[in-house]
Amino acid sequence: MAVIIDKLYTELNGLSLKNPIITASGTYGYCDEYNDFIDVSNIGAIVTKAISLNPRAGNKHLRIAETKAGMINSIGLENIGIEKFLETKVPLLNKKNINYIVNIAGSTLEEYVCLAKICNDNNIKAVEMNVSCPNVKSGCLEFGTDEDSLYNLVSEVRKEYKGYLIVKLTPNVTSIEQIGLAAEKAGADAVSAINTLKGLSIKINRVNGKYQKTIVQGGYSGAGIKPVALSNVNRLYKVLSIPIIGIGGIETLEDVLEFFAAGAQAVQIGTINFTHPDTAQKLIIELENYMDYNGFKNLDELKRELRA
Ligand SMILES: Cc1cc2nc3c(=O)[nH]c(=O)nc-3n(C[C@H](O)[C@H](O)[C@H](O)COP(=O)(O)O)c2cc1C
């Protein structure tokens, strides 16, 4: 059953969404994993798992560790590559009428530009550039931590890609404001923030008088990063003119409202999908009920009051 709720209609500088709830890259696959038991077409948009030019096997095990308030992942951008993605996943997404944003990642400027051109030629309507993955050895994060490199990269991608361009920012920088401004100046339509924080999990066991350690170094995500994400979104909100999509530890309606208050125009739901894959759907309904109950006619009104 398709539920379309006009009250939640969200316009992001040219990108129209039926609601502001988006699922975050890497936490919702390519959506076919969920579509059997959730009507994914109700979700504002899904961001697909990062796609690179060629298939990637990702990092060796161990790739995941649970923490008290989230998880550490070191997947290393395992993916099927753009060619197979276009061949096998895009037709499915189109058939199911799912609004999707393609997350792209490269190791070099040329790779990003090539991906951008392929997305443009294949009529991909929205792209999120992952310049912020902390658990691959080269590329990606290096662009996202240096404003000049990022400006150059986004400018080159912008030349090839005419659709909607989101640049996904890392919190692992001194000034996210400068990085955000570089993305905006280079022609991004929006930024999303944040990607994972650098984290380390060490689980210690003492067996037969010897320590055994299980170590995962990678990106920290989930409930524990919410205050960091809110701070980054709010700092971006104070300097940028383009919309900010808030990400980081969002699990409840209260979290969504806090991100709106901080300046986010829409939000992405990440790690919680692994334990509660119906979260996005639940949040859409709860947000609509909340607006009805409190007499808000549209999201702009709600956001204005939250930010006053
Ligand atoms: C297992 C896993 C895989 C991820 N893969 C990607 C990815 O491929 N591309 C990307 O831009 N972000 C990726 N992320 C980052 C998330 O999209 C999101 O920015 C981050 O987890 C913070 O949100 P959360 O706390 O709600 O999970 C991944 C996160 C996790 C936990």
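Attention here is on the structure that accompanies the text. All values reported here derive from a predicted model rather than from experimental measurement. (Residues numbered from 1 in each chain as written. Predicted model: local features only at pLDDT ≥ 70, side-chain atom pairs only at ≥ 80, totals over all residues. Heavy atoms only, no water.)

Moving on, we come to the site of the ligand. Every one of the 22 residues lining the ligand counts as a neighbour, but Ser25, Lys168, Gly222, Gly249 and Thr271 are closest to it. The contact in question runs from an oxygen atom of the ligand to an N or O atom on the backbone of Ile194, over 3.1 Å. Measuring from an oxygen atom of the ligand, one finds a backbone N or O atom of Gly249 at 2.8 Å. Protein coverage of the free-state accessible area of the ligand, which is 610 Å², stands at 97%. At a threshold of 2 Å from the grid points, most atoms of the ligand map onto the largest pocket. Here the shell around the ligand is built from residues that sort into 7 nonpolar, 13 polar and 2 charged. (Near = heavy atom within 4 Å. Polar contact = N/O pair within 3.5 Å; in protein donor to acceptor, adjacent residues only side chain to side chain. Areas by Shrake-Rupley, 256 points an atom, 1.4 Å probe, with all protein chains shown as cover. 1 Å grid on protein atoms, 1.4 Å probe; cavity = no way out; pocket = protein on both sides within 12 Å on 5 of 7 lines; lining within 4 Å. Sits in = over half its atoms within 2 Å of the grid points. Nonpolar A, V, L, I, M, F, W, Y, C, P; charged D, E, K, R; others polar.)

Cis geometry marks the peptide bond from Ala193 to Ile194, where omega comes out at 20°. Structurally, Ile194 can be placed in the loop between strand 10 (190-193) and strand 11 (197-207). Even without a glycine there, the phi angle at Leu77 is positive, about 60°. Looking at the secondary structure, you find Leu77 in the loop between strand 6 (70-73) and helix 1 (82-95). Judged by its relative accessible area of 7%, Leu77 is buried. Of note, the phi angle at Asn208 is positive, near 50°, even though the residue is not glycine. Relative to the helices and strands, Asn208 is located in the loop between strand 11 and strand 12 (210-221). (Helix = DSSP H or I, 4+ residues; strand = E, 2+ residues; numbered from the N terminus. Buried < 20%, exposed > 50% of the residue type's maximum accessible area, 1.4 Å probe, protein only.)

Here the focus is the sheet that holds strand 8 (residues 126-130). Taken in spatial order, the 8 strands of this closed barrel run 3-4-7-8-9-10-13-14, and their pairing is parallel. Across the sheet, the mean angle from the axis of one strand to that of its neighbour is 25°, orientation sign disregarded. Relative to strand 10, strand 9 (residues 164-169) is paired through 4 bridges, and the arrangement is parallel. Each residue of the ladder has a partner; that of Lys168, found in strand 10, is Ser192. With respect to the sheet, helix 4 (residues 147-160) is in contact with strand 8 and strand 9, its orientation differing from that of strand 9 by roughly 160°. Of the strands in this sheet, strand 9, strand 10 and strand 13 (244-247) are in contact with helix 6 (residues 226-239), which crosses strand 13 at around 170°. (Pairing = 2+ DSSP bridges. Axes fitted to C-alpha atoms, helices over the stretch in contact; angles between N-to-C directions. Contact = heavy atoms within 4.5 Å.)

This next bit is on the environment of Lys198. Positionally, Lys198 belongs in strand 11. Distance in space between the C-alpha atoms of Lys198 and Asn172 is 7.1 Å, their sequence separation being 26 residues.

The next point concerns the environment of Gly218. Of note, Gly218 is situated in strand 12. Residues Gly218 and Leu200, 18 residues apart in the sequence, show an inter-C-alpha distance of 6.4 Å.

In this section: the sheet that holds strand 12. Strand order across the open sheet formed by 4 strands is 5-6-12-11, with antiparallel pairing between neighbours. If you trace the sheet from one side to the other, it starts and ends with strand 5 (64-67) and strand 11, each paired once. Pairwise comparison of adjacent strand axes, ignoring direction, gives a mean angle of 40° for this sheet. Taken together, the 11 bridges between strand 11 and strand 12 define a ladder with antiparallel strand orientation. Pairing of Ile202 across the sheet is with Ile215, part of strand 12.

This part covers the pattern of salt bridges. Within the structure shown, the criterion is met by 8 salt bridges. The partner of Glu258 in a salt bridge is Lys226, with the nearest N and O atoms 2.8 Å apart. With Glu258 in helix 7 (residues 253-262) and Lys226 in helix 6, the pair connects residues that are 32 residues apart, well separated along the chain. Assessed through its relative accessible area of 33%, Glu258 is described here as partly exposed. Since its relative accessible area comes to 16%, Lys226 is described here as buried. One connected set of salt bridges, linked through shared partners, spans Lys226, Asp255 and Glu258. (Salt bridge = Lys/Arg side-chain N within 4 Å of Asp/Glu carboxyl O.)

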